[in-house]
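Letter by letter, the chains look like this.
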Amino acid sequence: MGEAKNGEIRQITNETIWEDRKHHLWFPLSFTKYSVANGRLYVNSGMLSSREDECLLYRITDISMTRSLAQRLFGTGTIHLNTKDRSTPVIRLENIANPAGVKRVLSDLIEKEREEKHVVGRDMYGASSHLDPEEFD
């Protein structure tokens with residue numbers, strides 16, 4: 001398969017499903033890179049010192065998208081992901097291209113991962129230390 005352009009949603013290799021960079025205006029000029037591969041979401045940031053955050057897709061509990069006027073003009077948006085991951089309870093995919101398409105793809109992948117791992121809603125409540133199971137009885 002050929003090389004994918006930034007922001008394009010398609011299978012790039014057998015492992016990587018989506019990748020993009022944080023955009024400034026419509027230019028993907030940033031040291032923050034996002035990707036989805038092998039049932040995980042990766043956020044790589046930094047130039048001199050770098051950081052990589054990883055979250056299993058089935059641990060994502062909620063997805064929302066915001067688009068300011070400037071983002072709508074430049075075709076970008078921000079996706080907010082609430083997770084049951086202790087190190088990164090909220091992940092923001094900032095200023096990415098085609099945010100509505102990415103949101104749909106992520107939502108489908110999350111559901112697929114949950115089905116494959118047989119994870120149901122009640123399994124997710126115990127994944128975070130700040131939730132009290134008695135609140136849901």
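All of these numbers come straight from a predicted model, not from anything done at the bench.

(A) Inspection of the sheet that holds strand β1 (residues 16-21) at higher detail. Strand order in the open sheet formed by four strands is β1-β2-β3-β4, and the pairing between neighbours is antiparallel. Edge positions in the sheet fall to β1 and β4 (51-56), since each of these pairs with one other strand and no more. Neighbouring strand axes in the sheet, compared pairwise and without regard to direction, differ in orientation by 15 degrees on average. Both strand β3 (residues 40-45) and β4 contribute to a ladder of six bridges, which runs antiparallel. If you follow Ser45 over to β4, its bridge partner there is Arg51.

(B) Structural detail: a nonpolar patch on the surface. Residues Leu25, Trp26, Phe27 and Leu29 make up a contiguous nonpolar surface patch of roughly 450 Å² in combined accessible area. Looking at the secondary structure, you find Leu25 in the loop between β1 and β2 (33-37).

(C) Broad picture of helix α2 (residues 99-117). Over its 19 residues, α2 runs 27 Å from end to end, which matches the ideal 27 Å to within 8%, given 1.5 Å per residue. Turning to α2, its buried residues are Pro99, Gly101, Val102, Leu106, Leu109, Ile110, Glu113 and Arg114. Residues of α2 that are buried in the fold lie against β1, β2, β5 (60-66), β6 (76-83) and β7 (90-97). Following α2 by one or two positions, His118 adopts a phi angle in the positive range, close to 55 degrees.

(D) Layout of the sheet that holds β7. Taken in spatial order, the three strands line up as β5-β6-β7 in an open sheet, and their pairing is antiparallel. The open sheet has two edge strands with one neighbour each: β5 and β7. The sheet shows a mean angle of 20 degrees between the axes of neighbouring strands, direction not considered. With six bridges joining them, β6 and β7 adopt antiparallel strand pairing. Within the sheet, the bridge partner assigned to Gly77 lies in β7 and is Ile96. On top of the sheet, α2 reaches β5, β6 and β7; it is set at about 175 degrees to β5, its chief contact.

(E) Local environment of the pattern of salt bridges. A full pass over the atoms with the stated rule returns six salt bridges. For the salt bridge of Arg40 with Glu54, the shortest nitrogen-to-oxygen distance reads 2.6 Å. Linking Arg40 in strand β3 with Glu54 in strand β4, this pair joins segments that are 14 residues apart in sequence. Relative accessible area serves as the criterion here: at 27%, Arg40 is assigned to the partly exposed category.

(F) Representation of the environment of Trp26 within the structure. Tracing the chain through its elements places Trp26 in the loop between β1 and β2. Sequence separation between Trp26 and Ala70 is 44 residues; the distance between their C-alpha atoms is 10.0 Å.

Cut-off values and rules
- Residues numbered from 1 in each chain as written.
- Predicted model: local features only at pLDDT ≥ 70, side-chain atom pairs only at ≥ 80, totals over all residues.
- Heavy atoms only, no water.
- Pairing = 2+ DSSP bridges.
- Helix = DSSP H or I, 4+ residues; strand = E, 2+ residues; numbered from the N terminus.
- Axes fitted to C-alpha atoms, helices over the stretch in contact; angles between N-to-C directions.
- Patch = residues over 30% accessible without salt bridge, like charges linked within 9 Å, V, L, I, M, F, W, Y side chains within 5 Å.
- Areas by Shrake-Rupley, 256 points an atom, 1.4 Å probe, with all protein chains shown as cover.
- Salt bridge = Lys/Arg side-chain N within 4 Å of Asp/Glu carboxyl O.
- Expected span 1.5 Å × (residues − 1).
- Buried < 20%, exposed > 50% of the residue type's maximum accessible area, 1.4 Å probe, protein only.
- Contact = heavy atoms within 4.5 Å.

None of this, on its own, says anything about what the molecule does.
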